[in-house]
There are 2 protein chains.
Amino acid sequence: MTIQQSHEARFGAGLDDEHAAAFNPAIGRMLDHRSCRLFEVEPVPDNLLHAVLSAAFSAPSKSDLQQRSVIRVRNREKLRRISRYSPAIGWISQAPVFLVWCGDSRRIRRLAEHRGHPFANDHLDAFMNAAVDTGLAMQAFITAAEAAGLGCCPVSEVRNRVFDLSRELELPAHVFPVAGMAVGWPAETSPVSMRLPLAVTVHEETYDDEDLPAQVAAYDRRRESVDRTPDHAQFMADRFGVSEDYGWSERRTRQYAVPARTDFGRYVREQGFCLD
Amino acid sequence: MTIQQSHEARFGAGLDDEHAAAFNPAIGRMLDHRSCRLFEVEPVPDNLLHAVLSAAFSAPSKSDLQQRSVIRVRNREKLRRISRYSPAIGWISQAPVFLVWCGDSRRIRRLAEHRGHPFANDHLDAFMNAAVDTGLAMQAFITAAEAAGLGCCPVSEVRNRVFDLSRELELPAHVFPVAGMAVGWPAETSPVSMRLPLAVTVHEETYDDEDLPAQVAAYDRRRESVDRTPDHAQFMADRFGVSEDYGWSERRTRQYAVPARTDFGRYVREQGFCLD
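Residues numbered from 1 in each chain as written. Chains lettered and ligands numbered in written order. Predicted model: local features only at pLDDT ≥ 70, side-chain atom pairs only at ≥ 80, totals over all residues. Heavy atoms only, no water.

S.K.: It is not clear to me how the packing of aromatic side chains should be interpreted in this structure. Could you clarify?
M.R.: Any two aromatic rings considered together are summarised by their centre-to-centre distance and by the angle between their planes. Summed over all chains, the structure comprises 18 aromatic pairs over all chains. Seen from their ring centres, F163 of chain A and Y267 of chain A are 5.4 Å apart, and the 90° between their planes marks the pair as edge-to-face. Residue F163 of chain A is located in helix 8 (residues 162-168), and its partner Y267 of chain A is located in helix 13 (residues 264-270); the two are separated by 104 residues in the primary sequence. A residue is classified by how much of its surface remains accessible, and F163 of chain A, at 22% relative accessible area, is partly exposed. Cluster of aromatic residues (ring-pair linked, three or more members): F57, W101 and F141 of chain A. Stacked on the ring of F264 of chain B, the Lys or Arg R159 of chain B has its end atom at 4.9 Å from the ring centre. (Phe/Tyr/Trp six-rings, centres within 6.5 Å; stacked < 30°, edge-to-face > 60°. Helix = DSSP H or I, 4+ residues; strand = E, 2+ residues; numbered from the N terminus. Buried < 20%, exposed > 50% of the residue type's maximum accessible area, 1.4 Å probe, protein only. Lys NZ or Arg CZ within 6 Å of the ring centre and 35° of its normal.)

Listed below in structure tokens is the structure:
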């Protein structure tokens, strides 16, 4: 694909030559990111996984605190159990490599005790720092993996049964799962997921979403024009009926109309976090 | 630098030829990531910033919900005010481009109202999803910027006065800042920040940190052997005294022995989030 085609697939609009010229191959590859859920059986070599993990943990970290860990699940029976946490993730049991990325506030707390200092930051900011640190490493992992030709897919559904997952991984206090990550050599080329235009997500000086309804209506139409959802495939049509102007915004608001993972807060608190 | 040298700088250990061979140039560049806080006055061309932002918003997003926004601060007077939120970030007022990355749960809530659906996920999981979505985009931004030769530095200290920042950016309910980001053409080559070895951060099957004290003691020594902290430069020595075995773990546990951003939870709740 040319940069213009990738940009059109991603944002639903082309690029003039001047803007296209600013994309080098590395940035172009990132523009062309797609999730991969179907893998060749060929294993991922250990040295390559080491390289990708090295890039992942080279990502920035809030105040150099490095509040993230990753757990590799090799045991196939355990992975099958995790794959049953949601009907949508049965496919992860076939992933050549499966990781679970975790926010890790345990390490700094253990070290504080070891060094004889109080831990005086048990609050929401510190929790969020660990979650964001984990997101930074996850994204660096994905970019590095794709630069090597691997495919991957982050899987937040592993949190659907977070107490069970935590037991499987023997997560101690102050460690919590953020997302799984399936990795392997791609056996499919998924479509690019079209994104909202930067006019919606990039703001100048102050937050301004006055144009949101019109922008999203156009975005919904663009997505449906590329990949129309048949009426029978509308999300939870038995509950929500069939919408005549179905699209991304209808799909996603239906999803968040249904409570999910309402136990995550309780789990995180039981892991010892104060979220005040 | 060779890959071996980059790996040594990052993890304090070299690489055999087999492991080095798995690094391609893109992964090697990520291994060599460093933050940049000093920039040439030369501006960042708009087309290049567009390309980097396009890569950033191509990053995965939980359930395709795209719960992130970025706000560009061009107004120099406003940026100077923000740069006074912490004595450590005066330098951001000189950054050619300054962005503030925000978690954005407002968009999906507005759309839910527009589509006539209840928003049934006002809880910690949904808040964390927005924060992690933002982290993914931030990291994609950093990798893309560095692939173009730009330097950047994420700046979480902008949250030190989160109510003031929120007012400056006119953040509405359900939007919250995650971190600032300074961007420009590098006028310095910072040292690589050495990381904990993967033996500490990558776990097999279950979380296991039995070796933490020994691993961190060795890590502290490695970091100090590369870049020794003079006694007078120890963190808050007036309060904590001078440590004879000062290093990363002492530095970072001193930092978290002092409460910081204890108002962030209150801010997020006042922005309308339920964190149960």
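S.K.: Is there a simple way to think about unusual backbone geometry in this case?
M.R.: Residue and element names in this part refer to chain A. Notably, Q66 is not glycine yet its phi reads approximately 55°, a positive angle. Tracing the chain through its elements places Q66 in the loop between helix 4 (46-56) and strand 1 (68-72). The phi dihedral of E170 falls on the positive side, at around 50°, and the residue is not glycine. For E170, the position within the fold is in the loop between helix 8 and strand 4 (175-184).

S.K.: Is there a simple way to explain the environment of L275 of chain B in this structure?
M.R.: Among the secondary structure elements, L275 of chain B is positioned in the segment after helix 13 (264-270). The exposure class assigned to L275 of chain B is buried, which follows from its relative accessible area of 2%. Not counting residues up to four positions away in its chain, the partners in contact with L275 of chain B are L124, R269 and L275 of chain A together with H123, L124, F127, V268 and R269 of chain B. (Contact = heavy atoms within 4.5 Å.)

S.K.: What is the right way to read a negative patch on the surface from this model?
M.R.: Taken together, the side chains of D16, D17 and E18 of chain A together with D46 of chain B make up a negatively charged region of the molecular surface. With respect to the helices and strands, D46 of chain B occurs in helix 4 (residues 46-56). (Patch = residues over 30% accessible without salt bridge, like charges linked within 9 Å, V, L, I, M, F, W, Y side chains within 5 Å. Areas by Shrake-Rupley, 256 points an atom, 1.4 Å probe, with all protein chains shown as cover. Salt bridge = Lys/Arg side-chain N within 4 Å of Asp/Glu carboxyl O. Lys, Arg positive; Asp, Glu negative; His and termini not counted. Charge placed at Lys NZ, Arg CZ, Asp CG, Glu CD.)

S.K.: Explanation requested: the sheet that holds strand 3 (residues 151-155) of chain B in the structure shown.
M.R.: What holds strands together in a sheet is hydrogen bonding between their backbones, with the strands either parallel or antiparallel. Taken in spatial order, the 5 strands line up as 5(A)-1(B)-2(B)-4(B)-3(B) in an open sheet, and their pairing is mixed. Bordering the open sheet on either side are strand 5 (202-204) of chain A together with strand 3 of chain B, each of which pairs with just one other strand. Averaged over all adjacent pairs, the angle separating strand axes in this sheet is 25°, with direction ignored. Bridge count between strand 3 of chain B and strand 4 (residues 175-184) of chain B: 5 bridges; the pairing is antiparallel. Bridged to G151 of chain B within strand 4 of chain B is G184 of chain B. In the packing of helix 4 of chain B onto the sheet, contacts are made with strand 5 of chain A together with strand 1 (68-72) and strand 2 (97-104) of chain B, and the angle to strand 2 of chain B comes to roughly 25°. (Pairing = 2+ DSSP bridges. Axes fitted to C-alpha atoms, helices over the stretch in contact; angles between N-to-C directions.)

S.K.: Hey, could you run me through the interface of chain B and chain A in this one?
M.R.: Interfaces are often described in size by the accessible area the parts lose on coming together. Listed per partner, the contact involves 129 residues of chain B and 129 residues of chain A. Together chain B and chain A conceal approximately 11100 Å² of surface at their shared face, both sides included; 59% is due to carbon and sulfur atoms. Of all residues in chain B, E205, Y207 and Y256 of chain B give up the largest surface area on contact with chain A, accounting jointly for 8% of the area buried on that side. R106 of chain A serves as the salt-bridge partner of D209 of chain B, at 2.6 Å between the closest nitrogen and oxygen. With 17 residues, helix 7 (residues 124-147) of chain B is the single largest residue contributor to the side of chain B that touches chain A. Counted by class, the side of chain B that touches chain A contains 67 nonpolar, 32 polar and 30 charged residues. Note that strand 5 of chain A and strand 1 of chain B share 3 bridges and pair parallel. Within strand 1 of chain B, the residue paired with H203 of chain A across the bridge is I71 of chain B. (Buried area = accessible area lost by both parts, 1.4 Å probe. Nonpolar A, V, L, I, M, F, W, Y, C, P; charged D, E, K, R; others polar.)

S.K.: I would appreciate a short explanation of the pattern of salt bridges in the present structure.
M.R.: For side chains bearing opposite charge, pairing can occur when the charged atoms are close. Counting across every chain of the model gives 40 salt bridges over all chains. The partner of E204 of chain B in a salt bridge is R74 of chain A, with the nearest N and O atoms 2.7 Å apart. Note that E204 of chain B is positioned in strand 5 (residues 202-204) and R74 of chain A in the loop between strand 1 and helix 5 (76-83), a pairing that runs across two chains. The class of E204 of chain B is partly exposed, set by a relative accessible area of 40%. Ionic pairing is found between R261 of chain A and D125 of chain B, a salt bridge with its closest N-O pair at 3.3 Å. On the criterion of chain membership, the pair formed by R261 of chain A in the loop between helix 12 (248-255) and helix 13 and D125 of chain B in helix 7 is interchain, its members lying in two chains. When its relative accessible area of 3% is taken as the criterion, D125 of chain B is described as buried.

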